[in-house]
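# Structure assessment
Residue-level listing of the chains:
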Amino acid sequence: MNKIFKNRKFRLLLACISLLLLVDMIQDSYAKYISSTDAESNLTIASWSFLVNNQDVINNSNFSNTITPVLDQNNNIMSGKIAPTSTGYIDVTIDSSNVEVAFNEQISLSTGASNTVDDLIFTGYKLNNGQTIAFTNNTNPTITVNHNINEQLTVNTYRFFIEWNDGPNSTMDNSDDVDAATSGVANIEVNINFIQRAS
């Protein structure tokens, strides 16, 4: 009888364990809510588009065709020509109305690689018909302008003044002036860098 009793205890224990396992399995299957979800969102990218003299310089960075030097009238020099003592200017209009970040613009001026007129200098500039600001470095001046987002004025015109210096601090003598007139090239370069300001 002891064996039967032990066998019953064993069966009872086995039945209880089975019942507990079954309850646990049913609880895992039916007693919990399980959910899963996913989402996606698009972010709007800030615009970065500049026009220089009405040309998109992001897609075409060479705006040479848009720079037109204007020479001041001089009774002793033919209209449209440059010679010693000539003065004039170039205009550079920068449209940043499609820029949605704060940025710095850096404008550097220099005589071009093919320039043979050593006395061609930059005397100053004007921003939007404001006051003329004289350059301290007349050969390779650089200006930097900071722009914040939501500025009211997004189109700025810079007028850069040029001169064929023939004064006491000029480097060319009369012979050099004559050589420039017969086989020289008067050439200037404008380089503009737009740099996003870091946050």
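Residues numbered from 1 in each chain as written. Predicted model: local features only at pLDDT ≥ 70, side-chain atom pairs only at ≥ 80, totals over all residues. Heavy atoms only, no water.

Soluble globular proteins: nonpolar side chains tend toward being buried together. Counting 24 residues, the largest nonpolar core has I107, F160 and I192 as the members making the most contacts within it. Those elements that provide at least two residues to this core are β1 (48-52), β4 (87-99), β5 (103-111), β6 (120-127), β8 (142-147), β9 (155-164) and β10 (188-196). Tallying contributions element by element places β4 first for this core, with four residues. The next biggest cluster of nonpolar side chains, apart from the first, holds five residues, and it includes V117, L120, W164 and M172. (Core = buried A, V, L, I, M, F, W, Y, C linked by side-chain atoms within 4.5 Å. Buried < 20%, exposed > 50% of the residue type's maximum accessible area, 1.4 Å probe, protein only. Helix = DSSP H or I, 4+ residues; strand = E, 2+ residues; numbered from the N terminus.)

This next bit is on the environment of N76. Tracing the chain through its elements places N76 in the loop between β3 (70-71) and β4. The exposed category is assigned to N76, whose relative accessible area is 74%. As for N76 and V155, which are separated by 79 residues in sequence, their C-alpha atoms are 36 Å apart.

One non-glycine residue, N53, adopts positive backbone phi at about 50 degrees. Note on placement: N53 falls in the loop between β1 and β2 (55-56). N53 sits in the buried class, given a relative accessible area of 16%. A positive phi angle, close to 65 degrees, is found at N150, a residue other than glycine. With respect to the secondary-structure elements, N150 resides in the loop between β8 and β9. Overall, N150 belongs to the exposed group, its relative accessible area being 71%.

Turning our eyes to something else, we now look at the environment of T157. Its place among the elements puts T157 in strand β9. If near-sequence neighbours (up to four positions away) are discounted, T157 is found in contact with D91, V92, T93, K126, L127 and N128. Of the polar contacts made by the side chain of T157, one reaches the side chain of T93; its length is 3.0 Å. (Contact = heavy atoms within 4.5 Å. Polar contact = N/O pair within 3.5 Å; in protein donor to acceptor, adjacent residues only side chain to side chain.)

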